[in-house]
Amino acid sequence: MSSAPGVAGGDRPVQPSLADALRGGASRRARGRRVRDPDAPGALAVAVPDRDTLVDAAFSALLVVIALVGLRTGFLGFQWVVAAGVGLVLGLAIGHLATAYRWFAVVTLLVLSATYFVLGGPVAVRGDLVAGVLPTGQTFADLASWAVTGWKRWLTLLPPVDARGPVLALPWLAGLLGGSLTLGVARRWQSVPVTALVPLMLLVGSIALGTLEPAALVVQGVGFAVVLVGWLVVRAQRGRAPIQNGAGRRARIATGGVLVAVAVVAGLVAAPLLPGTDRAQRREVVRTGLVPPLDVSQFASPLPGFRQYTEPNPAELYDVEVLRVSGLPQGTLVRFATLDAYDGLVFGAADRSTDGVPFQQVGSRIGTARGGTSADVTVQVPERGYTGPWLPTVGSPTRIEFSGARSDELADQLWLNTDTETAVVPAQLLGGESYSMTAVLPDPAPSELPEDLDVAGGAASPAGLDFLGSRIDSWTNRVDGSWPKLRAAAGQMRTEGTYTDGGTPNSFEKVYLPGHAVARLARFVGSTKLAGNDEQYAATLALVARRLGIPSRVVMGAEPEAGGRVLGKDVHAWMEVQQTDGSWFSLRPETFVPSRDKTPSEQQLLSEEQKVGAQVPPPAGVNPPSLLQGPDQAQNATDITKRKKSPFDVGAWPWWLKLLVLGLLLPALVLAGAFFLVRWLKARRRQRHSTTGPVPARVAWVWRDLVAESRSLGVHVPRAATRREQATVLAEAGVGGAPVLAARSDAVVFGPGEGSEERAQDCAETADAVREELRASVGGWARFRSDADPRPLLTRPEGIARRRPTLPRLPGIPRLSPARD
């Protein structure tokens with residue numbers, strides 16, 4: 001059976017090569033010489049998809065949807081679904097048009113880029129739009145920056161991330177690229193491995209960029225395999241010639257059904273038995289390997305500064321309103337910071353909690369798995385009120401939105417530890433700010449400690465706490481059990497201790513110093529009667545709990561008054577212990593701190609001085625730094641707001657600079673660099689081929705390099721042809737020197753002997769003249785495109801056939817023919 005030119009197997013069309021497919025099909029010069037078929041469809045009719053295109057589009061859409069389901073646990077809300085869905089539909093349309101009109105790869109890329117930037121504003125970002133539709137410079141800057149650095153920012157945010165604002169550029173881009181690449185590749189190549197490549201990459205990417213919680217195991221595991229195998233079977237059936245009796249068709253359908261059934265059984269039965277599918281094991285994704293770039297040790301612990309809220313003190317905040325909280329039920333505590341690590345000097349906030357939960361940057365909406373009563377709370381900070389980087393919160397926040405002049409600055413620097421419920425804003429509250437939050441409130445802490453409480457165990461006691469041993473024994477005599485002993489110690493501290501904030505400068509109470517280092521607490525518990533305030537009592541009781549093996553931590557916060565006002569005297573410190581279910585139980589300050597009116601007496605102080613010596617205050621009181629600070633970090637923490645921003649910090653750039661650099665300058669530099677690199681590599685390759693090796697091989701390479709350059713200039717030179725036949729095609733294109741060069745090359749390659757250096761040099765010079773003649777016969781755009789074309793770098797030497805990988809052939813599934821050059 002004979003085949004028509006350009007046709008394989010009679011009526012079966014020849015698949016395009018990889019290079020031709022990337023170019024959009026055969027070269028324009030070759031297509032220009034064809035005679036147009038009068039029965040061919042018009043330009044608009046070409047855009048109408050046929051049945052095979054619709055089938056491929058349906059399978060492509062289904063596979064992309066299944067792959068993008070992996071992003072479900074990373075976003076909060078439904079807006080990301082809309083953005084990804086619109087991107088998918090537009091991507092499928094662009095992929096079909098690119099195939100129907102045989103667009104070049106660069107044209108397809110430009111269309112995708114234009115769609116992403118022009119429609120990305122109203123579809124995804126939706127901010128800074130003119131009339132709610134037209135994008136502005138800030139919109140372009142947001143889309144450009146999030147397309148480049150947004151993935152890293154998203155992975156460092158606490159999941160699920162609020163699906164509003166610029167973060168929607170990520171699912172919008174994923175749907176747009178996923179739809180266009182999946183359908184575009186499927187319509188240009190019939191190869192089974194190539195067809196499955198893009199969907200598999202999308203699936204792997206969505207899983208790797210997901211969270212510790214699987215999005216949809218059955219859908220992404222079994223469903224994806226079933227749809228992909230079914231699509232490949234349909235495409236294999238499409239490329240197989242029909243058989244008269246139909247037996248082959250039934251066999252192929254049966255084989256496809258068997259493959260689908262095997263995929264379903266493997267997914268439902270074998271998959272749960274594979275390693276890594278146990279839910280008790282830690283799921284490894286990309287975000288688990290990223291360390292959020294926040295060092296909380298740069299912020300001073302608030303506990304050493306407790307006395308600024310007492311009286312007397314230089315800050316004079318005792319009767320001053322430091323916060324105003326509205327919408328909070330009476331008796332609910334406001335948390336400034338949870339301090340869960342002790343280094344012998346100070347209780348500070350650790351970068352990661354005891355369960356390994358780190359501080360992570362969050363958006364306005366925050367996901368939580370805790371149940372309880374939800375409340376909407378508004379917090380106002382007066383001008384002379386609360387200041388610092390620790391953001392007052394209540395319960396488990398699910399939404400935090402700032403208002404006022406500094407709202408954007410504070411929202412961009414909001415970090416939260418969901419285990420300790422501690423929020424940090426490095427920009428700091430300076431007074432005058434306002435923000436609202438929605439939080440899941442825990443059950444109110446009781447004013448009296450329960451008789452029984454299931455507390456956890458296994459806590460390690462810090463070194464240097466031997467001074468607590470004898471006092472714990474006296475407090476817990478004849479008491480058994482960890483919690484009963486802690487409860488007894490708390491009761492004894494409240495009944496036997498006294499309260500003092502240090503008194504006035506002329507008072508005898510000035511010897512009772514602030515702080516909770518080991519030395520201060522050793523003198524505190526070594527006295528006959530305890531004398532201190534919330535700072536010493538909470539720190540001591542927390543260390544007693546750890547001495548008993550109970551995980552504990554100190555919390556500094558406040559209890560608002562009936563009207564929602566928080567005065568300095570309403571600020572307290574309390575402690576929490578972990579229960580066996582992982583939750584934390586709060587011991588309110590009134591359960592272990594004496595009443596304020598129970599002050600130490602001067603006679604008590606004299607008696608203590610006779611026993612242990614006079615307490616001499618240091619020449620200058622300095623608040624200890626937070627946990628794990630270096631010797632100079634405490635000073636650095638005071639002027640953190642004065643640090644100059646690095647000019648290399650992209651987030652600090654104005655929108656017009658982001659647009660100029662990320663949207664215009666950087667892509668232009670990358671394209672220019674790639675252009676000059678390809679051009680230099682091709683010139684270097686030609687020089688090396690014409691000067692190294694045996695003379696016949698050098699001459700053969702000179703001709704092959706000329707043919708490769710001719711094809712990149714748009715001349716359709718056949719590959720499987722002799723040099724004289726190829727020279728004829730070049731002569732028809734207007735290159736008269738090609739036949740002469742072909743004859744000289746054949747004479748050297750097939751002539752006697754090894755040839756001479758002069759003849760090799762002559763062929764190289766003739767080839768350069770032919771190349772310049774060919775370049776002069778085409779336009780400037782064709783020359784530019786040829787200089788940027790990397791295909792000549794992939795030219796192989798004569799006698800080496802291109803070997804393609806093959807797949808095992810299964811019964812009923814035809815072996816697809818490889819693409820021809």
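Thresholds applied
Residues numbered from 1 in each chain as written. Predicted model: local features only at pLDDT ≥ 70, side-chain atom pairs only at ≥ 80, totals over all residues. Heavy atoms only, no water. Helix = DSSP H or I, 4+ residues; strand = E, 2+ residues; numbered from the N terminus. Buried < 20%, exposed > 50% of the residue type's maximum accessible area, 1.4 Å probe, protein only. Contact = heavy atoms within 4.5 Å. Areas by Shrake-Rupley, 256 points an atom, 1.4 Å probe, with all protein chains shown as cover. Expected span 1.5 Å × (residues − 1). Patch = residues over 30% accessible without salt bridge, like charges linked within 9 Å, V, L, I, M, F, W, Y side chains within 5 Å. Salt bridge = Lys/Arg side-chain N within 4 Å of Asp/Glu carboxyl O. Phe/Tyr/Trp six-rings, centres within 6.5 Å; stacked < 30°, edge-to-face > 60°. Axes fitted to C-alpha atoms, helices over the stretch in contact; angles between N-to-C directions. Parallel < 35°, antiparallel > 145°, perpendicular 65-115°, else oblique. Nonpolar A, V, L, I, M, F, W, Y, C, P; charged D, E, K, R; others polar. Pairing = 2+ DSSP bridges. Arc of directions from axis to C-beta. Polar contact = N/O pair within 3.5 Å; in protein donor to acceptor, adjacent residues only side chain to side chain. Core = buried A, V, L, I, M, F, W, Y, C linked by side-chain atoms within 4.5 Å. pLDDT = per-residue confidence, 0-100. Left-handed = near helix turned anticlockwise from the far one by under 90°.

## Focus: the overall build of the chain
- Of the regular secondary structure elements, the chain holds 24 helices and 21 strands.
- In the chain, which comprises 821 residues, the proportion classed as buried is 46%.
- Partitioning the contacts of the chain with sequence separation of at least 6, the portion at a separation of at least 24 is 76%.
- Carbon and sulfur atoms make up 60% of the accessible area of the chain, which totals about 40,300 Å².

## Some remarks on helix H20 (residues 695-712)
- Over its 18 residues, H20 runs 26 Å from end to end, which matches the ideal 26 Å to within 8%, given 1.5 Å per residue.
- H20 sits mainly inside the fold: 16 of its 18 residues count as buried.
- Just downstream of H20, Gly714 is the residue with a positive phi angle, here 105 degrees.

## Side note on a nonpolar patch on the surface
- The grouping of Phe78, Val82 and Val86 at the surface amounts to a nonpolar patch, some 250 Å² of accessible area in total.
- For Val86, the position within the fold is in helix H5 (residues 79-100).

## A word on the packing of aromatic side chains
- Under the defined criterion, the tally for this structure stands at 15 aromatic pairs.
- Between Phe59 and Trp231, the aromatic rings sit 6.1 Å apart at their centres with planes inclined by 10 degrees, giving stacked as the arrangement. Of this pair, Phe59 sits in helix H4 (residues 51-68) while Trp231 sits in helix H10 (residues 217-238), and the two are 172 residues apart along the sequence. With respect to burial, Phe59 and Trp231 carry one shared label: buried.
- Ring plane angle 90 degrees and centroid distance 5.0 Å describe the contact between Phe524 and Tyr537, whose orientation is recorded as edge-to-face.

## A few points about the packing of helix H7 (residues 137-156) against helix H8 (residues 169-188)
- Viewed as axis vectors pointing N to C, H7 and H8 meet at an angle of 105 degrees, and their least axial separation amounts to 9 Å. As judged from the angle between their axes, H7 and H8 are roughly perpendicular. The residues of H8 that touch H7, namely those facing Leu143, Trp146, Ala147, Gly150, Trp151 and Trp154, are Ala169, Leu170, Leu173 and Ala174.
- Taken together, the residues of the contact of H7 with H8 sort by class into 9 nonpolar, 1 polar and no charged.

## Some words on the pattern of salt bridges
- Summed over the entire model, instances satisfying the criterion amount to 24 salt bridges.
- Close ionic contact of Glu559 with Arg588 constitutes a salt bridge, the shortest N to O distance being 2.7 Å. Remark: Arg588 occurs in the loop between strand E21 (584-587) and helix H17 (602-612) and Glu559 occurs in the loop between strand E18 (552-558) and strand E19 (565-567); sequence separation between them is 29 residues.
- The residue Asp746 makes a salt bridge to Arg723 at a minimum N-O spacing of 2.9 Å. Note that Asp746 is positioned in helix H22 (residues 738-750) and Arg723 in helix H21 (residues 723-732), a separation of 23 residues in sequence.
- The network of salt bridges with shared partners includes Arg686, Glu709, Arg775 and Asp787.

## Topic: the pairing of strand E10 (residues 373-380)
- The pairing of strand E5 (residues 321-326) with E10 spans 3 bridges and is antiparallel. Looking across to E10, one finds that Arg324 is bridged to Gln380.
- Inspection of the sheet shows E10 paired to strand E15 (residues 434-441) by 8 bridges, in the antiparallel sense. Within E15, the position partnered with Gln380 by the bridge is Ser434.

## Overview of the environment of Pro302
- When you line up the elements, Pro302 lands in the loop between helix H11 (247-270) and E5.
- Here the alpha-carbon distance between Pro302 and Val555, two residues 253 residues apart in the chain, equals 9.7 Å.
- Every residue in contact with Pro302, bar those within four places of it in the chain, is listed here: Ala337, Leu339, Trp390 and Met556.

## Points about helix H24 (residues 780-788)
- Where H24 is concerned, the buried positions are Ala782, Ser786 and Asp787. Down the axis of H24, the smallest arc covering the buried residues is 135 degrees, so these residues share one side.

## What to know about the environment of Arg719
- Position of Arg719 relative to the elements: it lies in the loop between H20 and H21.
- Taking relative accessible area as the criterion, Arg719 reaches 41% and is therefore assigned partly exposed.

## Comments concerning the side chain of Ser745
- As for its placement among the helices and strands, Ser745 is situated in helix H22.
- Of note is the side chain of Ser745, whose polar atom sits 2.8 Å from the backbone oxygen of Leu741.
- Once residues lying within four places of it in the same chain are set aside, the contact partners of Ser745 are Val699, Trp703, Arg723 and Cys763.

## Some words on the nonpolar core
- Ranked by size, the top nonpolar core spans 88 residues in total, and within it Phe347, Tyr386, Trp483, Leu486, Val577, Leu587 and Phe592 carry the most contacts.
- Apart from residues lying up to four places away in sequence, Leu587 is in contact with Leu449, Trp483, Leu541, Trp574, Met575, Val577 and Phe592.
- Counting 49 residues, the second-largest nonpolar core is a separate cluster that includes Ala61, Val161, Leu170 and Trp231.

## Digging into the sheet that holds strand E9 (residues 360-361)
- What the 4 strands build is an open sheet, ordered E9-E13-E14-E11; its pairing is antiparallel. Bordering the open sheet on either side are E9 and strand E11 (388-391), each of which pairs with just one other strand.

## Thoughts on the confidence of the model for the chain
- Per-residue confidence for the chain gives a mean pLDDT of 78, with 78% of residues at or over 70.
- Below a pLDDT of 50 lies the segment residues 1-14, which in the model reaches 10 contacts outside its immediate sequence neighbourhood of four places, other chains included.
- Every residue in residues 27-36 is under pLDDT 50, and counting partners more than four places away or in other chains gives 15 contacts.

## Topic: the pairing of strand E14 (residues 422-429)
- Burial within E14 is extensive, with 8 of its 8 residues counted as buried.
- Linking strand E13 (residues 415-417) back to E14 in an antiparallel pair, the connection comprises 4 residues, with Glu421 at a positive phi of about 55 degrees.

## Here's the deal with the side chain of Asp142
- Among the secondary structure elements, Asp142 is positioned in helix H7.
- Here Gln138 takes part through its side chain, which lies 2.8 Å from a polar atom of the side chain of Asp142.
- With sequence-adjacent residues up to four places away left out, Asp142 is seen in contact with Val125, Asp128 and Pro166.

## Here we look at the packing of H8 against helix H9 (residues 192-208)
- Interhelical geometry of H8 versus H9 gives an angle of 165 degrees and a closest axis separation of 8 Å. Here H8 is positioned roughly antiparallel relative to H9, judged by the angle of their axes. Note that H8 runs across H9; the crossing there is left-handed. Contact with H8, carried on its side by Gly178, Leu181, Thr182, Val185 and Ala186, involves Val194, Thr195, Val198, Pro199 and Leu202 of H9 and no other residues of that element.
- When its residues are assigned to classes, the contact of H8 with H9 shows 7 nonpolar, 3 polar and no charged.

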